[in-house]
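# Fold and geometry: a report
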Amino acid sequence: MSEPAWPTPPTGTCAQPASTDVDVAILGAGIHGAALARELTLRGVSCALVDKGEVGGGTSQWSSQLLHGGIRYMLTGDITQMREGLAERATWARIAPQRCRWEAFWMPHRFWAEGLAHRVGIGLYDHWGADRPDWPSALLRGGVPSRVFEADPRSAKGPFRGATAYADLMTWDQELTKDLAASSEARLLDFHEPGAFVEEGGALVSLQLRDRRDGTVRTLAARKWVFALGPWTDGAMAAWFGETRKRLRLSSGIHLWFDAVPGCERPWAIRRPKGRILFVIPRDGLLQVGTTEREVEDGWVPILDSEREELFLALEENLPAIAWRRLPIRVEELGVRPLVAAGGTTSHLSREAVLEQHARFHNLTLVLGGKLTTARALMDRLATELTGLPCAASRTKPLRLWDGQAAGIR
């Protein structure tokens, strides 16, 4: 599949010099690259953050926008990964309170036994996630009272008889990624196209970059390199070094944003076949719906009519009282999840990340897979491995807001 053109760069110029020399060069300014830049800055280590587009401009802006333990991991048995996510959820609430908002999600059930299973499973989820800084006391967890459930228009005419509420944290993913970058002292080389690498003695030494804004050529030198390229990893390694090995499999998911529906006040999380969750979330004056699952070959892929249809059918099956096809779609999003390659369907692949030490270049680390919630913890670990310097402040030091505003709660 040919790669679609990247978003057009803005006008203006880059203030970075013709040559930059740092301890660590990071390629990829998504959630992992930006988090690593912050971690290195906290340790007093110089770094550069390079991206072909803008900070957080790729798949980091099309996630589910949730910082969560992963309620679906209760079904798949990934309890360790779920508990790590719950711990990180609390860390994000502390270091990025302006970009986070606690919510009580409702998981509806179809019959009594399913409701009991939800109460038990969700009870464990909330027990393991009991660290909830600044949890709003007005948000109730546990069994949703019948009169409250029946007042929600999504409950009418459908298969559900009640719901259980649990806690999770909503965020704004691109803003969070930009805050991480702004909380670093990285030399920012956004909208720069990587060219030729210089290698010596089994190590990467430098990289030539072309500024996509005005064509200026710059040179970046570093002692250590980290590629946090998300779904573009395999394509980049093939283009730059002729590697044919597939490290990742890519799974796309779509979100549709409808006009708000009166009476839909709480986010719903509906269990679907194959372990996926159908989210219906009121936020920012709209109603966000997703997600789907389709294996793809590239980080930039279009939304298929069949994906929209799959989502509409799921909505009509589960929430038939709302005329979904009559609601205007205000925004469509498609995000691509980079999953560590393995057999079977992508819906059963873990979201766990791998830090791969490159076999040919001893000073290159690849970040493979991963997810929004655990990106900080993973990059904390990587920064410690790269520098030998642990940093407790990573879990407590508030992020600097890239836009200088404190109005993250919308």
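Further up the page is the structure itself.
One structure accompanies this document, and this report is about it. From a predicted model like this one, the values you see are computed outputs, not experimental measurements.

Rules and cut-offs
Residues numbered from 1 in each chain as written. Predicted model: local features only at pLDDT ≥ 70, side-chain atom pairs only at ≥ 80, totals over all residues. Heavy atoms only, no water. Helix = DSSP H or I, 4+ residues; strand = E, 2+ residues; numbered from the N terminus. Rg over C-alpha atoms; globule rule 2.2 N^0.38 Å. Buried < 20%, exposed > 50% of the residue type's maximum accessible area, 1.4 Å probe, protein only. Areas by Shrake-Rupley, 256 points an atom, 1.4 Å probe, with all protein chains shown as cover. Core = buried A, V, L, I, M, F, W, Y, C linked by side-chain atoms within 4.5 Å. Contact = heavy atoms within 4.5 Å. Phe/Tyr/Trp six-rings, centres within 6.5 Å; stacked < 30°, edge-to-face > 60°. Expected span 1.5 Å × (residues − 1). Arc of directions from axis to C-beta. Salt bridge = Lys/Arg side-chain N within 4 Å of Asp/Glu carboxyl O. Patch = residues over 30% accessible without salt bridge, like charges linked within 9 Å, V, L, I, M, F, W, Y side chains within 5 Å. Pairing = 2+ DSSP bridges. Right-handed = clockwise from strand over helix to strand, strands pointing away. Polar contact = N/O pair within 3.5 Å; in protein donor to acceptor, adjacent residues only side chain to side chain.

### Describing the overall build of the protein chain
Secondary structure assignment for the protein chain yields nine helices and 18 strands. By the compact-globule yardstick of 22 Å for 410 residues, the protein chain fits well, its C-alpha radius of gyration being 22 Å. Put simply, the protein chain has 410 residues, and 57% of those count as buried. Of the roughly 17,300 Å² of accessible surface on the protein chain, a fraction of 53% belongs to carbon and sulfur atoms.

### Re the nonpolar core
Among the nonpolar cores identified, the biggest contains 54 residues, and Trp225, Phe227, Val280 and Trp324 are the most heavily contacted of them. Tallying contributions element by element places strand β11 (residues 248–259) first for this core, with five residues. Once you skip the residues sitting within four places of it in the chain, Phe227 turns out to touch Leu27, Phe197, Leu204, Met237, Trp240, Phe241, Leu364, Thr365, Leu366 and Val367.

### Remarks on the packing of aromatic side chains
With the rule as written, the count across this model stands at 19 aromatic pairs. Seen from their ring centres, Phe197 and Trp225 are 5.9 Å apart, and the 65° between their planes marks the pair as edge-to-face. Taken as a pair, Phe197 in strand β8 (residues 192–200) and Trp225 in strand β10 (residues 217–227) lie far apart in primary sequence, 28 residues in all. An angle of 45° between the planes, with centres 5.2 Å apart, marks the rings of Phe197 and Phe241 as tilted. Of this pair, Phe197 sits in strand β8 while Phe241 is found in helix α7 (residues 233–241), placing the two residues 44 residues apart along the sequence. On the basis of relative accessible area, Phe197 is assigned to the buried category, the value being 15%. Residue Phe241 is classed as buried on the basis of its relative accessible area of 12%.

### Observations regarding helix α4 (residues 112–128)
Given a rise of 1.5 Å per residue, 17 residues ought to cover 24 Å, and the 24 Å separating the end C-alpha atoms of α4 matches this to within 8%. Of the positions making up α4, those classed as buried are Glu114, Gly115, His118, Gly121, Ile122, Tyr125 and Asp126. Each buried residue of α4 lies within a common arc of 140° when the element is viewed along its axis, so the set occupies one face. Exposed positions of α4 whose direction lies more than 90 degrees from the buried face are Trp112, Val120 and His127.

### Some details on the pattern of salt bridges
Here the structure, examined in full by the defined rule, presents 35 salt bridges. Overlapping salt bridges bring together Arg38, Glu39, Arg43, Glu88, Arg376, Asp380 and Arg395 as one network.

### Topic: unusual backbone geometry
Generally, phi is negative for residues other than glycine and the peptide bonds are trans, each holding for most cases. In this chain, Gly290 is followed by Thr291 through a cis amide linkage whose omega measures 15°. Looking at where Thr291 falls in the secondary structure, it is placed in the loop between β14 (286–290) and β15 (294–296). Positive phi, close to 55°, is recorded for Asp284, a residue that is not glycine. Looking at the secondary structure, you find Asp284 in the loop between β13 (277–283) and β14. For Asp284, a relative accessible area of 33% corresponds to the partly exposed category.

### Notes on α7
Because each turn of an α-helix spans 3.6 residues, side chains separated by three or four positions in sequence point in the same direction. For α7, the full list of buried residues reads Thr233, Asp234, Ala236, Met237 and Phe241. Relative to the axis of α7, the buried residues are bounded by an arc of 165° and lie together on one face. Those residues of α7 that are buried are in contact with β8, β9 (203–211), β10, β11 and β18 (364–368). Positive backbone phi, at 70°, marks Gly242, one or two positions downstream of α7.

### Focus on the environment of Pro328
Residue position: Pro328 is located in the loop between α8 (305–318) and β16 (329–340). Along the primary structure Pro328 and Ser146 are separated by 182 residues, whereas in three dimensions their C-alpha atoms are 30 Å apart. Residues in contact with Pro328, not counting those within four places in the same chain, are Trp257, Phe258 and Asp259.

### Comments concerning a nonpolar patch on the surface
On the surface, a cluster of nonpolar side chains totalling about 450 Å² of accessible area is made up of Trp112, Leu116, Val120 and Leu124. Along the chain, Leu116 falls in helix α4. The partly exposed category is assigned to Leu116, whose relative accessible area is 43%.

### Re the pairing of strand β2 (residues 47–50)
Here β2 shows a buried face lined by Cys47 and Leu49 and a second buried face lined by Ala48 and Val50. Pairing of strand β1 (residues 19–27) with β2, which is carried by four bridges, proceeds in the parallel orientation. Across the sheet, the residue bridging to Ile26 is Leu49, located in β2. For the handedness criterion, the β-α-β arrangement of β1, helix α1 (residues 31–42) and β2 is classed as right-handed. Pairing of β2 with strand β7 (residues 187–189) involves three bridges; the strand directions are parallel. Within β7, the residue paired with Leu49 across the bridge is Leu188.

### Considerations on the side chain of Arg132
Relative to the helices and strands, Arg132 is located in the loop between α4 and β5 (142–143). Side-chain polar atoms of Arg132 contact the backbone oxygen of Asp126, separated by 3.2 Å.

### Concerning the side chain of Ser252
Positionally, Ser252 belongs in strand β11. Given a relative accessible area of 0%, Ser252 falls into the buried group. A polar contact is formed between the side chain of Ser252 and the side chain of Glu307, at a distance of 3.3 Å. If we skip the residues at most four places from it in the chain, Ser252 touches Thr292, Glu293, Arg294, Val296, Glu307, Leu334, Gly335, Val336 and Arg337.

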